[in-house]
Amino acid sequence: MTVPSGRPSRLRGGQTIPGIGPAFAAVMVAEIGDVARFPGPARLCSGAGPTPRHRASDTKVHRGPITRQGSSLLRWACVEAVQRCSADTPMRRLRDRIVDRRGTPARNVAKAAAARKLLTLVYYALRDGEVRCLAKTGPA
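This structure is a prediction, so every number in the text was calculated from the model and none was measured.

Draft legend 1. Summary view of the packing of helix α3 (residues 72-83) against helix α5 (residues 107-128). Relative to each other, α3 and α5 sit at 105°, their axes nearing to 9 Å. If you check the angle between α3 and α5, you find them roughly perpendicular. Taken together, the residues of α5 that come into contact with α3 (itself represented by Leu 74, Cys 78, Val 79, Ala 81, Val 82 and Gln 83) are Lys 111, Ala 114, Ala 115, Leu 118 and Leu 119. Here the residues of the contact of α3 with α5 sort into nine nonpolar, one polar and one charged.

And the structure:
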């Protein structure tokens, strides 16, 4: 993942975001642009579109499919990166946990949820230059 300051694709401490290679990193950086225009990762995810539709009025809540607002190319890159993650990554564990809980018909729901998590990690990587949840923790 390339950060705006021109640093290489590896983050501090040799970290990389699993599933994101040079091509996906280029697509994501080009589609997101300046990450400072988003106040938080939730706004980036909302702008990219892999968030579920949520309509509420008083006590009635209607939840629907993803909103599909924003860049379809960014949404595609996130979902493709999630599908190529190895089993020991946070995105893959989330995806597998949702599929185990809800069954195989929820595979696409799980991919969208994992894509949101991946986009959150991308936000922190672009903003801070590191993703703390991916940092290796040593013995205390």
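Draft legend 2. Molecular detail of helix α2 (residues 41-48). Every buried residue of α2 is listed here: Pro 41, Leu 44, Cys 45 and Ala 48. The arc enclosing the buried residues of α2, seen along the axis, measures out at 95°, which places them on a common side. Residues Ala 42 and Arg 43 are exposed on α2 and point more than 90 degrees away from its buried face. Buried residues along α2 sit in contact with α1 (22-32), α3 and α5. Of the residues flanking the end of α2, it is Gly 49, one or two places downstream, whose phi is positive at about 105°.

Draft legend 3. Geometry of the pairing of strand β1 (residues 52-57). In terms of residue burial, β1 counts as a barely covered element, since only zero of its six residues are buried. In this structure, β1 lies alongside strand β2 (residues 60-66), joined through five bridges in antiparallel fashion. When the bridges of β2 are listed, Ser 57 appears paired with Lys 60. Between the end of β1 and the start of β2, which pair antiparallel, lie two residues, with Asp 58 showing a positive phi angle near 55°.

Draft legend 4. Looking closely at the layout of surface pockets. Of the volumes computed, that of the largest pocket is approximately 490 Å³. Together, 22 residues line the largest pocket, and Ile 66, Asn 108, Val 109, Ala 112 and Arg 116 are the ones closest to its centre. The dominant element in the lining of the largest pocket, judged by the number of residues it contributes, is α5, at six residues. Classifying every residue of the lining of the largest pocket gives ten nonpolar, three polar and nine charged.

Draft legend 5. Spotlight on the pattern of salt bridges. Here the structure, examined in full by the defined rule, presents three salt bridges. Where Arg 84 meets Glu 80, a salt bridge forms, and the shortest distance between an N and an O atom there is 2.7 Å. Note that Asp 96 and Arg 92 form a salt bridge whose closest N and O atoms lie 3.6 Å from each other. Of the two residues, Asp 96 and Arg 92 are both situated in helix α4 (residues 90-102); the distance of four residues between them amounts to about one turn of the helix. Classification of Arg 92 as partly exposed rests on a relative accessible area of 22%.

Parameters and conventions
- Residues numbered from 1 in each chain as written.
- Predicted model: local features only at pLDDT ≥ 70, side-chain atom pairs only at ≥ 80, totals over all residues.
- Heavy atoms only, no water.
- Axes fitted to C-alpha atoms, helices over the stretch in contact; angles between N-to-C directions.
- Helix = DSSP H or I, 4+ residues; strand = E, 2+ residues; numbered from the N terminus.
- Parallel < 35°, antiparallel > 145°, perpendicular 65-115°, else oblique.
- Contact = heavy atoms within 4.5 Å.
- Nonpolar A, V, L, I, M, F, W, Y, C, P; charged D, E, K, R; others polar.
- Buried < 20%, exposed > 50% of the residue type's maximum accessible area, 1.4 Å probe, protein only.
- Arc of directions from axis to C-beta.
- Pairing = 2+ DSSP bridges.
- 1 Å grid on protein atoms, 1.4 Å probe; cavity = no way out; pocket = protein on both sides within 12 Å on 5 of 7 lines; lining within 4 Å.
- Points joined across faces, edges and corners; volume = space filled by probe spheres on them.
- Salt bridge = Lys/Arg side-chain N within 4 Å of Asp/Glu carboxyl O.

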